[in-house]
Amino acid sequence: MQSPFTWFTPSSGRSRFSLLPVISPGPQRQSLSWLASCPRPVYVLLLLCLTSLTSLAQTTWTGSTSTDWNTATNWNTGNVPTATDDVIIPDVANDPVIGAGTIALAYSIEVQSSASLAIQNTASLTINGSKLINGLTISLYNKGTVNNSGALVIGNIASLERYGILNDAIFNNTPGGTIQIDRTTDTGLYSRAGSFTNAASIIIGASAPVGSFGLYNNATFINTTGGTLQIDGSAYGGIRNYTAGTFTNAASIIIGANGGVGTYGLENFATFTNSGCATLSVFAPFYNNSSFSNQGLLTVSTAGAHSNTGFSNNGILAYPQGNPIPNVTNNALISLPITTCGPTATSALQIGEANSFTVGTTWYKDAALTTVAGTYSPNTFTASNSATGTYPVYFSVTNGLACSYVASVAVNSQSNVAPSITTLTVGTNLLPINTAFTVDAVVYDANNNLTTASIAWGDGSSASISTGLGGGTLSASHSYTTAGVHRISLTLSDACGATATQTYEYAVAYDPSAGFVTGGGWIDSPAGAYSVEPTLTGQANFGFVAKYQKGATVPTGNTEFQFHLGNLHFKSTVYEWLTVAGARAQFKGSGTLNGVGEYGFMLTAIDGAVNGGGEADKFRIKIWQKQDGAVVYDNQRHTADDAALSTAIGEGSIVIHTPKGRNARQACSAEQGELTVQVLGNPVSGQQVEALIGGAAGQTLRISLVSLQGHLVEQQQVEQAQPQQRVVLQIGSLPGVYLLHVSTPDQQKTIRVLKGQ
């Protein structure tokens, strides 16, 4: 590394001691000019010369002649400042004015307390250096009053130190004025105390970076009518309104449109107001943890993460890229990207209940509102053509203050394809109750507009599943609390309203402690049940038992079904599962037909004597070839496996056996005693059935008489039964076997009644 001290020989040939530039352009150049006159050996004189240099580098305003900056006699040096001068403006009678057409230069400027500086229209002041003031390096420090209606340029050619402008008093950028700040190392404009009012143009960081912040406010900053504030080129934040700051925008602010501004475009730790008729455009994330108010147009266009403790939107809040700010209460208008499936998009804008803004009925393809894109009516946008793709549309918005804005929204017009479900699987489809079933699915959406995925578990419950716009792999789990055979359905929906549904059959939840089922008898086999001879009808016999042995997870038992007219004899060989839920039992397994082959079967039975059983025993058996799934026999063909049963048994019975204390048949009231039913005269010879019922004193009795085919013959109800309650029911004249069902709230009894000729 080169030493900062070197020998330097000017054109005269005399050796001089020279100091290389190491701090900043202004002082470095001054030191070279002076060091050329210092003899090499005289180090004491070096210190004296440096002291002399400090006084020579400062030019102080006296105003002894007039207020004209460009008059030499108004300066203590007798010279108008140049680009190498640190300028001090104290409080004197004649405050300096840089008059119209004047080109003023300085290395730095300090406006002291109660002093003032004015820059008139068409005048300019250029600063390309910094000065150490109270421990801070500053290009323009204001402790008095600055009024600018000309051109104030800071750092246009040379790198500066920390601050371009540090304001501790009153700073006014009035109509016609421009302020341009570049090349600072910390902050372009720091308003630390007092007030800063902008009614013209401030451009920060447009040509070169300005350090951590573009604008840092901890005082009062007002961007008033006619003001424009453009900030780019910061490393951490575009605008920071700190804890003691009050920031009001009543005109236009653009942050990060032409260059990065760091982590946040706008940070608010105090009070920030975007007033009515104002526009604030931020192209970086938004941060607010205090009081923020929007009554104008706030546009936030970024994919970065926002942070917000909450604010109310009483203006227009636009998100061209989506990605809305969280915790916003919308009282007016919010525009987010619209996805359309065709020319029409409903709910084009989010409209708050207190909205007072009026949206133009014609929307345009350009911000100048010249080329029509479509129409807007009752919050519906209708495009003027059916072109697909993503494009911005622009529209006018007016409010009660007679302010007019141009807002925009991105429209994604699609030729929609419905989403699809590639696979839907269940990890294990047979589990005990209260054990989680896991479902996995692979889904896809070609248009990248998938909005919801929901799963129905088949027991009346459902759940939403998180999904990406284009789909992916979905997973969900669910536990059943009661035994049953469940159909699981996954449904997808996209932003265009298209859906896709796929169903998994079946998830079986069993309860090994729920009991077992037995049955025997016959049914009338209906037409179409036997696929080999669909027209064949007649009696078919059945017998079965299915139960879980203690500790087993697979049931055991035997099932036989014979349809003699069709020469069909099915016999089970193995069971897979059994579910018992209330009056319904269902089990599945494999077996043979006529002693050969491999066939699957599912048997469903209803015990009519159990609450919810409908009073008649019912039976269904479905038999299919395991090789190809072709159904051989089903007495309830073309209905789902979990459908309600419709075939009542003829003679015989189906009984669901539950553990002691869980069986309604076994329930008994200690107070009333055991329910007893006695048919007086069985077989019945006449057209009435007379019965005597005991053990139900004071309770409600329900009595019904049904045929073996499940047809209700007569039904009665006794509100308060006698200790020995006598009932008479009409049975009619048709002979046969009937079932007399008697029940109380906690007991029930079924008696077979034989009706003779």
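As the structure is a computational prediction, the values presented were derived from the model and not from experiment.

### Overview of the sheet that holds strand 51 (residues 471-479)
Here comes step 1: The strand order across the open sheet built from three strands is 46-48-51, with neighbouring strands paired in antiparallel fashion. Each of the sheet's edge strands pairs with one partner strand only, and the pair in question is strand 46 (420-426) and strand 51. Strand-to-strand twist of the sheet, defined as the mean angle between neighbouring strand axes without regard to direction, takes the value 20°.
Here comes step 2: When strand 48 (residues 436-444) meets strand 51, the two strands line up antiparallel, connected through nine bridges. Each residue of the ladder has a partner; that of Thr-438, found in strand 51, is Ser-477.

### Examining the side chain of Thr-579
Here comes step 1: Considering the arrangement of structural elements, one finds Thr-579 in strand 57 (residues 568-581).
Here comes step 2: Setting aside anything within four residues of it in sequence, one finds Thr-579 in contact with Ala-483, Gly-484, Val-485, Val-508, Ala-509, Tyr-510, Arg-584, Ala-585 and Gln-586.

### A few points about the packing of aromatic side chains
Here comes step 1: Taken as a whole and judged by the stated rule, the model has 35 aromatic pairs.
Here comes step 2: An angle of 50° between the planes, with centres 6.4 Å apart, marks the rings of Phe-357 and Tyr-405 as tilted. Placement of Phe-357 in the loop between strand 39 (350-351) and strand 40 (358-359) and of Tyr-405 in strand 45 (residues 404-413) is noted, with a sequence separation of 48 residues between them. For the pair Phe-357 and Tyr-405, a shared accessibility class is recorded, and that class is buried.
Here comes step 3: Look at Trp-363 and Phe-395: their rings are 4.4 Å apart centre to centre, the planes differ by 20°, and that puts the pair in the stacked class. Of the two residues, Trp-363 is situated in strand 41 (residues 362-364) and Phe-395 in strand 44 (residues 389-398); the sequence distance between them amounts to 32 residues.

### Here's the deal with the sheet that holds strand 66 (residues 712-718)
Here comes step 1: The strand order across the open sheet built from four strands is 66-65-68-69, with neighbouring strands paired in antiparallel fashion. Looking at the sheet topology across the chains shown, the edges are occupied by strand 66 and strand 69 (748-755). Each neighbouring strand pair of the sheet contributes to a mean axis angle of 15°, computed without reference to strand direction.
Here comes step 2: Sheet topology note: the strand 65 (residues 701-707)/strand 66 ladder contains six bridges and is antiparallel. Across the sheet, the residue bridging to Ser-704 is Gln-715, located in strand 66.

### Some points on the confidence of the model for the protein chain
Here comes step 1: When pLDDT is averaged along the protein chain, the result is 86, and 90% of the positions lie at 70 or above.
Here comes step 2: In the predicted structure, residues 1-56 sits below a pLDDT of 50 and forms 61 contacts with residues beyond four places in sequence or in another chain.
Here comes step 3: Across residues 661-671, confidence stays below pLDDT 50; counting only partners more than four residues off in sequence or on other chains, it has 27 contacts.

### Some words on the pattern of salt bridges
Here comes step 1: Here the structure, examined in full by the defined rule, presents nine salt bridges.
Here comes step 2: The residue Arg-162 makes a salt bridge to Asp-186 at a minimum N-O spacing of 3.1 Å. Placement of the pair is Arg-162 in the loop between strand 13 (151-154) and strand 14 (163-167) and Asp-186 in the loop between strand 16 (178-181) and strand 17 (187-191), with a sequence separation of 24 residues.
Here comes step 3: Look at Arg-162 and you get partly exposed, because its relative accessible area is 30%.
Here comes step 4: A salt bridge links Asp-168 to Arg-192; the nearest nitrogen and oxygen atoms lie 2.6 Å apart. Of this pair, Asp-168 sits in the loop between strand 14 and strand 15 (170-173) while Arg-192 sits in the loop between strand 17 and strand 18 (195-198), and the two are 24 residues apart along the sequence.
Here comes step 5: Accessibility expressed as a relative area gives 12% for Asp-168, which makes it buried.

### Looking at unusual backbone geometry
Here comes step 1: Positive phi is not limited to glycine here, since Asn-327 has a value of about 60°.
Here comes step 2: You can see Asn-327 is positioned in the loop between strand 34 (316-318) and strand 35 (328-330).
Here comes step 3: Residues other than glycine seldom take positive phi values, yet Asn-594 does so here, at roughly 55°.
Here comes step 4: Take Asn-594: it is sitting in the loop between strand 58 (584-593) and strand 59 (596-606).

### So, the nonpolar core
Nonpolar side chains in soluble globular proteins generally cluster together in the buried interior.
Here comes step 1: Core analysis: the largest hydrophobic core is formed by 54 residues, its most contacted members being Trp-69, Ile-109, Leu-125, Leu-152 and Ile-165.
Here comes step 2: Contacts of Ile-165, omitting those with residues within four sequence positions, involve Leu-140, Leu-152, Ile-154, Phe-171, Ile-179, Ile-181, Gly-188, Leu-189, Tyr-190 and Phe-196.
Here comes step 3: Core analysis: the second largest hydrophobic core is formed by 40 residues, Ala-529, Phe-587, Ile-623 and Tyr-633 among them.

### Comments concerning the pairing of strand 14
Here comes step 1: Of all five residues making up strand 14, five are buried, and the element is well covered by its neighbours.
Here comes step 2: Across four bridges, strand 11 (residues 136-142) lies against strand 14 in parallel orientation. Bridging across to strand 14, Ile-138 finds its partner in Tyr-163.
Here comes step 3: Looking at chain direction, strand 14 and strand 17 are connected through four bridges and run parallel. Paired with Asn-167 across the two strands is Ser-191, which belongs to strand 17.

Procedures and definitions
Residues numbered from 1 in each chain as written. Predicted model: local features only at pLDDT ≥ 70, side-chain atom pairs only at ≥ 80, totals over all residues. Heavy atoms only, no water. Pairing = 2+ DSSP bridges. Helix = DSSP H or I, 4+ residues; strand = E, 2+ residues; numbered from the N terminus. Axes fitted to C-alpha atoms, helices over the stretch in contact; angles between N-to-C directions. Contact = heavy atoms within 4.5 Å. Phe/Tyr/Trp six-rings, centres within 6.5 Å; stacked < 30°, edge-to-face > 60°. Buried < 20%, exposed > 50% of the residue type's maximum accessible area, 1.4 Å probe, protein only. pLDDT = per-residue confidence, 0-100. Salt bridge = Lys/Arg side-chain N within 4 Å of Asp/Glu carboxyl O. Core = buried A, V, L, I, M, F, W, Y, C linked by side-chain atoms within 4.5 Å.

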